[in-house]
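# Remarks on the overall topology
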Amino acid sequence: MNIDELNDVLEQFKAYLEFKGYSQGTIKQYLNDIRLFVKITNNMPWEVSSKTILFFLLDLKRKRGYKSSTLYRKICSLKTFYEFLKRLGLIDENPIDNIERPKLRKRLPQFLTEEEVKRLIMVADKFRNKLIVRLLYTTGLRVSELVNLNWEDIDFKNKEIIVRSGKGGKGRIVLVDEATLKMLLKYKEMTGKDRGSVFDLSVRTVQHIIKELRERAKLTKKVTPHVLRHTFATHLLEAGADIRAIQELLGHSSLSTTQIYTHVTREHIRKEYLKAFKG
C-alpha cells in the first residue's frame with residue numbers, strides 16, 4: 001500500500017472540503033473516518049468494492065459496538081470522499097451508492113424550562129459565565145459560533161449579531177434582546193476591549209463551564225450549549241414564533257430540521273387546549 005499516495009489524496013480531499021466550506025471539526029472527523037477505513041480494510045480506498053465497505057461497517061457494529069448514528073456518519077464521510085475520488089478520476093462509480101443506510105431513531109431535542117435557565121445563570125459566580133448562558137439561550141448560537149464571536153460582529157444599535165462562522169460556512173444574522181445587550185456592554189467595559197474575540201475561550205472550555213453550572217444548579221436534565229440552543233428554539237415556538245423565522249435564526253438550511261421542535265411543544269399545546277376545554 002502506497003502511503004505517500006494516500007496522504008497526497010487526503011491532503012487534496014482536505015483542501016476540497018475547506019473550499020466547500022466544511023468546518024475544521026467536520027474535516028477532522030472525515031479524515032479520521034477515512035484513515036480508520038484504510039487501517040481496517042488494509043486497502044487503498046479506490047481499490048475496494050461495495051462488499052469490502054459493507055464488511056467494514058459490519059466490523060464496526062459487531063466487534064466494536066458502534067451505534068447506528070456513528071455508522072451513519074461514517075457512511076456520510078465515505079460517500080463524500082468517494083464523490084471526490086470520482087472527480088479526480090480514480091473511480092468511475094461511487095461504491096457507497098449500493099450501501100443501505102442504517103435506520104436512525106429520531107430523538108426529540110432536550111430543552112430547559114425558563115426557571116431552569118434562570119437557575120443556571122443564578123449559580124454562575126463569574127459575570128462572564130452568566131453572559132455565556134444568557135447569550136446561548138437568547139440567540140440560539142452554536143457553541144462554535146459563540147467562541148468565534150468578535151466585538152465587530154455585534155451591532156448594538158440594531159440589536160443584531162452577524163454570524164460569520166456558521167455551519168457549512170454560511171453566515172446569518174441573529175437578534176439580541178435588550179437585557180443581553182446591556183450585559184454585553186458591561187462585559188465590554190470590564191474587559192476594556194472593543195475589537196477581536198469576545199470571550200477568548202475554546203469550545204471545550206465553554207462546554208465545561210455549562211457542565212459545572214448544571215452541577216451547581218443541581219439540574220437532573222442533560223445541559224450542554226446545544227441544549228440551550230434547543231431551548232431557544234422551543235421557547236420561541238411556544239411563544240408563537242413562525243417556524244420559518246426560527247429556521248432563519250438557527251441557520252438551518254432545511255425547514256425539516258427545524259420542524260422537529262414542533263414535536264416537543266405538544267405538551268405546551270395540550271396545556272393551552274385544556275384551558276379552553278377542561279372536560
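The residue numbering used here restarts from 1 in each chain and proceeds along that chain's sequence as written. Side-chain atom pairs in this predicted model are given and counted only at pLDDT of 80 or more, local residue features only at pLDDT of at least 70, and totals for whole chains, interfaces and linings cover all residues. With hydrogens and water set aside, each side-chain value is computed from the structure's full complement of heavy atoms.

A run of DSSP states H or I qualifies as a helix once it reaches four residues; a run of E qualifies as a strand once it reaches two. Both are numbered from the N-terminal end. Secondary structure summary: the protein chain contains 14 helices and three strands in total. A burial count over the protein chain gives 40% of its 279 residues as buried. Whether two residues are in contact is decided by their heavy atoms, any of which lying within 4.5 Å being enough. Of the contacts made within the protein chain by residues no fewer than 6 positions apart, 64% connect residues no fewer than 24 positions apart. Accessible surface is estimated by sampling points in the Shrake-Rupley manner with a 1.4 Å probe; for residues, cover comes only from the protein chains shown. Accessible surface, the protein chain as shown: approximately 16,500 Å² in total, 49% of it carbon and sulfur. The classification of residues rests on relative accessible area computed with a 1.4 Å probe and restricted to protein chains. Under 20% of the type maximum is buried, over 50% is exposed, and intermediate values are partly exposed.

What follows covers the sheet that holds strand 3 (residues 172–175). Here three strands make up an open sheet; going across it, the order is 1-2-3 and the pairing antiparallel. With partners counted over all chains shown, the strands left at the sheet margins are strand 1 (154–155) and strand 3, one partner each. In short, DSSP must find at least two bridges between two strands for them to pair. Pairing analysis gives four bridges linking strand 2 (residues 160–163) to strand 3, with the strands arranged antiparallel. Its bridge partner being in strand 3, Ile-162 is matched across the sheet by Ile-173.

Moving on to the packing of aromatic side chains. Pairing of aromatic rings covers Phe, Tyr and Trp, the last counted by its six-membered ring, and requires centre-to-centre distances within 6.5 Å; plane angles under 30 degrees mean stacked, over 60 mean edge-to-face, and any other angle means tilted. As enumerated under the stated definition, the model contains seven aromatic pairs in all. Where Tyr-16 meets Phe-84, the ring centres are 5.0 Å apart and the plane angle is 35 degrees; that geometry is what we call tilted. Taken as a pair, Tyr-16 in helix 1 (residues 3–20) and Phe-84 in helix 4 (residues 68–88) lie far apart in primary sequence, 68 residues in all. For the pair Tyr-16 and Phe-84, a shared accessibility class is recorded, and that class is buried. Every member of this aromatic cluster is reached through a ring pair, and the members are Phe-13, Tyr-16, Phe-81, Tyr-82 and Phe-84.

It is worth spelling out unusual backbone geometry at this point. At Asn-42, a position not held by glycine, the phi torsion is positive, near 55 degrees. Along the polypeptide, Asn-42 turns up in the loop between helix 2 (24–41) and helix 3 (50–62). Using a relative accessible area of 55% as the deciding quantity, one classes Asn-42 as exposed. Of note in the backbone geometry, Asp-200 takes a positive phi value of approximately 55 degrees without being a glycine. Looking at where Asp-200 falls in the secondary structure, it is placed in the loop between helix 8 (178–191) and helix 9 (203–217). The exposed category is assigned to Asp-200, whose relative accessible area is 56%.

All right, on to the packing of helix 1 against helix 4 then. Where helix 1 contacts helix 4, the axes come no closer than 11 Å and their chain directions differ by 105 degrees. In terms of axis orientation, helix 1 runs roughly perpendicular to helix 4. Taking contact as the criterion, the partners of Val-9, Leu-10, Gln-12, Phe-13, Tyr-16 and Leu-17 in helix 1 are, on helix 4, Thr-80, Phe-81, Phe-84, Leu-85, Arg-87 and Leu-88. Here the term charged refers only to Asp, Glu, Lys and Arg, the term nonpolar to Ala, Val, Leu, Ile, Met, Phe, Trp, Tyr, Cys and Pro, and the term polar to all other amino acids, Gly among them. In terms of residue class, the contact of helix 1 with helix 4 is built from nine nonpolar, two polar and one charged. Note on geometry: axes are lines fitted to C-alpha atoms, helical ones only across the stretch in contact, with angles between N-to-C directions running from 0 to 180 degrees. Here roughly perpendicular refers to angles of 65 to 115 degrees, roughly parallel to angles under 35, roughly antiparallel to angles over 145, and oblique to all remaining angles.

Grouping buried Ala, Val, Leu, Ile, Met, Phe, Trp, Tyr and Cys residues that are joined through side-chain atoms within 4.5 Å yields what is termed a nonpolar core. Leu-120, Ile-132 and Phe-199 are the most contacted members of the largest nonpolar core, which has 39 residues in total. Of the residues forming this core, the biggest block, seven residues, is contributed by helix 6 (residues 127–139). Ignoring anything within four residues of it in the chain, the contact list for Ile-132 reads Leu-146, Phe-199, Leu-201, Val-206, Ile-209 and Ile-210. With 30 residues, the next largest nonpolar core counts Val-9, Ile-34, Val-48 and Leu-78 among its residues.

For the rest of this paragraph, the subject is the pairing of strand 2. Residues Ile-161 and Val-163 of strand 2 are buried on one face, while the alternating residues Glu-160 and Ile-162, pointing to the opposite face, are not. Pairing of strand 1 with strand 2 involves two bridges; the strand directions are antiparallel. Paired with Ile-154 across the two strands is Ile-161, which belongs to strand 2. Between strand 1 and the antiparallel strand that follows it, strand 2, lie four residues; Lys-159 among them carries a positive phi value of about 55 degrees.

Taken N-terminus to C-terminus, the directions of helix 2 and helix 3 make an angle of 100 degrees; their axes are 10 Å apart at the nearest point. Comparing the axis directions of helix 2 and helix 3 gives the class roughly perpendicular. Contacts between helix 2 and helix 3 involve Leu-36, Phe-37, Ile-40 and Thr-41 from the first element and Thr-52, Ile-53, Phe-56, Asp-59 and Leu-60 from the second. In the contact of helix 2 with helix 3, the residues fall into six nonpolar, two polar and one charged.

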